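Structural overview
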Amino acid sequence: MTKFTGEEGKMAKVIVVTSGKGGVGKTTSTAALGAALAQKNQKTVVVDFDVGLRNLDLVMGAERRVVYDIVNVIQGDAKLPQALIRDKRLETLFLLPASQTRDKDALTQDGVDQVINELKRYFDWIICDSPAGIERGATLAMRHADIAVVVTNPEVSSVRDSDRIIGMLDAKTLKAENGERVEKHLLLTRYDALRAERGDMLKVDDVLEILSIPLLGIIPESTDVLRASNIGAPVTLADTRSAPSMAYFDAARRLEGEVVPISIPGQKQGLFGKIFGRRAA
Amino acid sequence: MTAVLTDSRSIRIKGRSFLAVVLSPDLPFDHWLARLDDLAARSAGFFLGRPVVLDVADLPISRAELQGLIEELGKRNVSIMGVEGARPSLLGPGMPPGLKGGRPASDVEVTAKEPMFETPAAAPEEGAEAEKPAVVVTVPEVRPVLQSTIIHEPVRSGQSILFPEGDVTIVGSVASGAEVIAGGSVHIYGAARGRILAGSLGNRQARIFCRKLEAEMLAIDGIYIMAEDMDPGFRGQSVQLWLEGDVIMAEILS
């Protein structure tokens, strides 16, 4: 069903997209970053760790093509290539879906270790979509991470949950066990600059000051995001010129190590946008 | 039915450490008790008012035997505050509680009464061999070793820094939902947003220093203050806090 051309010696990077709190945009961001990296001709797989409440297949538009899932692979009912679903629009983009019928205890540490190590042979980027919460599913999703993308809304409860998750990234990952550090980045989603300026939302500086990790990007609140997930496409595939897409493309470039100044797309013209852009940088 | 609390004062809970005397009896108990009587005869009031812990680790005894021993000790005015190293089956209702996690301190030495010639003798259970007619017990003063620890990164929500030994310095912030509990003072080079407890083992001299006060709760030596009871003028300021009587005082650091 799927053919691989695993190149020897390349370094796969494992990213976990995590937040603690639910509904902040983890799955949307996983899909958008995955599609953005895949469009640069990098072999990318997005892995759904939310066993029991899977969503990534819907956002990727692959819900009717799921035959086997990560639990089948872990339990030996299917081989990894059988479970991987290649995206119809991008041949470098793959999905490893979660099971909807099992519960999260079906994921075992050994099983996850095996799956991730095998994926590392085939892919440049492995993006793990973490479930909400701080339990087993979330800790297994972050276990192999080289890089963590901490998705946060500019709102106090989301910020505090993210802070908790950052603490866990420093304690419960393989890197932490080996005395290394997971690279942590903040992805601020659903950001509405006008509402933040009115005081209805936390400002970028406030969030950065509380969490004290580097900023990967600011994704503006936009109906484009909702429209994209309703048609089953990552926003970076559905409308590449929309404001959230461009913000995700910039974030993907930063993940690759490029230095890209941070700004809110669509507001560069106004004086306010200029001031804001400078302050957020 | 709801009970109405007329007294709004909160319960004050503190930690306190005492130096307990640990008795390690050996078998048979009647021989051991005879040696204890011999010691007690030469130092009246040896155990009076002193916290005594019975160490029964590795002793092949039954609950009845332990109960008998405690009764025998009671007759000699030795009241046992706890039993260490006991299997759960050895202890029952009406018996002293089991203790765990004791840390060794220096031996309690039995010394002769002559003021100029303080001859150190053996530990109490071997004291029977000592031939001094009058014995006085001096418990060496336990000097707290001043210690401190430095945390080089932010204390995240859900994390807890526990350091009863002394001062804690944090180079970073303490997040909302995090807590720092120190035996001594707490220094925070960042924002204090969580719960900060200084002097938690009964140190009234402990202080709290922070770059930016946004704490949920502050406590010094068991006296605490919640965020909503703090003077709003100190919020967001660089502040030091200390204890005067039963009141936490604050001052903005310039």
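Structure report, in brief. (Residues numbered from 1 in each chain as written. Chains lettered and ligands numbered in written order. Predicted model: local features only at pLDDT ≥ 70, side-chain atom pairs only at ≥ 80, totals over all residues. Heavy atoms only, no water.)

Some details on the packing of aromatic side chains
All names here are of chain A. By the definition in use, this model includes two aromatic pairs over all chains. When the centroid spacing of 5.2 Å and the interplanar angle of 70° are considered together, the rings of F94 and F123 count as edge-to-face. A residue pair is termed long-range when its members are at least 10 positions apart, and F94 in strand β4 (residues 93-96) and F123 in the loop between α5 (109-122) and β5 (125-129) qualify at 29 residues. One aromatic cluster in this structure is built from F94, Y122 and F123. The ring of F123 carries K43 above its face, with NZ or CZ at 5.5 Å from the centroid. (Phe/Tyr/Trp six-rings, centres within 6.5 Å; stacked < 30°, edge-to-face > 60°. Helix = DSSP H or I, 4+ residues; strand = E, 2+ residues; numbered from the N terminus. Lys NZ or Arg CZ within 6 Å of the ring centre and 35° of its normal.)

Quick notes on the interface of chain B and chain A
At the junction of the two partners, chain B supplies 14 residues and chain A supplies 11 residues. Around 910 Å² of area is buried between chain B and chain A when both sides are counted, 36% of it from carbon and sulfur atoms. Sorting the residues of chain B by area buried against chain A places B:R156, B:S157 and B:R193 first, and these three jointly supply 55% of that buried surface. Taken together, chain B and chain A are joined by five salt bridges. Residues A:R181 and B:E153 are paired through a salt bridge, measuring 3.1 Å at the closest nitrogen-oxygen approach. Between chain B and chain A we count six residue pairs in polar contact (both at pLDDT 80 or more) in total. Of the residues contributing to the side of chain B that touches chain A, the split by class is four nonpolar, five polar and five charged. (Contact = heavy atoms within 4.5 Å. Buried area = accessible area lost by both parts, 1.4 Å probe. Salt bridge = Lys/Arg side-chain N within 4 Å of Asp/Glu carboxyl O. Polar contact = N/O pair within 3.5 Å; in protein donor to acceptor, adjacent residues only side chain to side chain. Nonpolar A, V, L, I, M, F, W, Y, C, P; charged D, E, K, R; others polar.)

A short note on the environment of A:Y122
Residues and elements named next belong to chain A. Structurally, the position occupied by Y122 is in helix α5. You can call Y122 buried: its relative accessible area is 13%. Here the alpha-carbon distance between Y122 and A12, two residues 110 residues apart in the chain, equals 8.2 Å. Of note is the side chain of Y122, whose polar atom sits 3.3 Å from the side chain of E118. (Buried < 20%, exposed > 50% of the residue type's maximum accessible area, 1.4 Å probe, protein only.)

Quick look at the pairing of strand β17 (residues 247-252) of chain B
All names here are of chain B. Direction of pairing for strand β16 (residues 239-244) relative to β17: antiparallel, over a ladder of six bridges. Pairing of Q240 across the sheet is with E251, part of β17. Once β16 ends, the chain turns through two residues before running back antiparallel as β17, passing G245 with a positive phi of about 65°. (Pairing = 2+ DSSP bridges.)

Overview of empty space enclosed by the protein
To find leftover empty space, a probe the size of one water molecule is rolled over the atoms. Applying the stated criterion across every chain, the model contains two cavities of 30 Å³ or more. Of the pockets and cavities examined, the largest cavity occupies roughly 40 Å³. Within the residue set of the lining of the largest cavity, elements represented by two or more residues are β8 (215-220) and α13 (243-255) of chain A. Tallied by class, the residues present in the lining of the largest cavity amount to three nonpolar, two polar and two charged. Roughly 30 Å³ of volume is contained in the second largest cavity. Lining the second largest cavity, in full, are B:L36, B:D37, B:A40, B:F47, B:R76 and B:V78. Grouping the constituent residues of the lining of the second largest cavity by class yields four nonpolar, no polar and two charged. (1 Å grid on protein atoms, 1.4 Å probe; cavity = no way out; pocket = protein on both sides within 12 Å on 5 of 7 lines; lining within 4 Å. Points joined across faces, edges and corners; volume = space filled by probe spheres on them.)

Some points on α13(A)
Residues and elements named next belong to chain A. Look at α13: 19 Å from first C-alpha to last across 13 residues, which is about the 18 Å you get at 1.5 Å a residue. Counting buried positions over the 13 residues of α13 gives 10, a clear majority of the element. All of the buried residues along α13 are P244, S245, A247, Y248, F249, D250, A251, A252, R254 and L255. Phi turns positive one or two residues past the end of α13, at G257, with a value near 100°. (Expected span 1.5 Å × (residues − 1).)

Let's talk about the pattern of salt bridges
All names here are of chain A. Following the criterion strictly, the structure yields 25 salt bridges over all chains and no others. Here R143 and D113 are joined by a salt bridge, their closest N and O atoms 3.1 Å apart. Within this pair, whereas R143 is found in the loop between α6 (136-142) and β6 (147-152), its partner D113 is found in helix α5, the two being separated by 30 residues in sequence. Overall, R143 belongs to the buried group, its relative accessible area being 9%.

Re the sheet that holds β4(A)
All names here are of chain A. With mixed pairing, eight strands are arranged side by side in an open sheet as β3-β4-β2-β5-β1-β6-β7-β8. Bordering the open sheet on either side are β3 (85-86) and β8, each of which pairs with just one other strand. Here five bridges tie strand β1 (residues 13-18) to β5, and the two strands are oriented parallel to one another. Bridging from a neighbouring strand, I15 pairs with I127 of β5. Its contacts with the sheet put helix α10 (residues 204-211) on β6, β7 (183-191) and β8, and the angle it makes with β7 is roughly 150°. Strands in contact with α13 are β1, β5, β6, β7 and β8; relative to β8, the strand with the most contacts, it is inclined by about 170°. (Axes fitted to C-alpha atoms, helices over the stretch in contact; angles between N-to-C directions.)

Re the packing of helix α7 (residues 156-169) of chain A against α10(A)
A pair of packed helices can be characterised by two numbers: the angle between their axes and the separation between those axes. Residues and elements named next belong to chain A. Across the interface, α7 lies against α10 with an axial gap of 10 Å and an inter-helix angle of 30°. Looking at the two axes, α7 sits roughly parallel to α10. The two elements α7 and α10 cross, and the hand of that crossing is right-handed. Of the residues in α10, those in contact with V159, S162, D163 and I166 of α7 are V207, I210 and L211. Among the residues making up the contact of α7 with α10, the classes are represented as five nonpolar, one polar and one charged. (Parallel < 35°, antiparallel > 145°, perpendicular 65-115°, else oblique. Left-handed = near helix turned anticlockwise from the far one by under 90°.)

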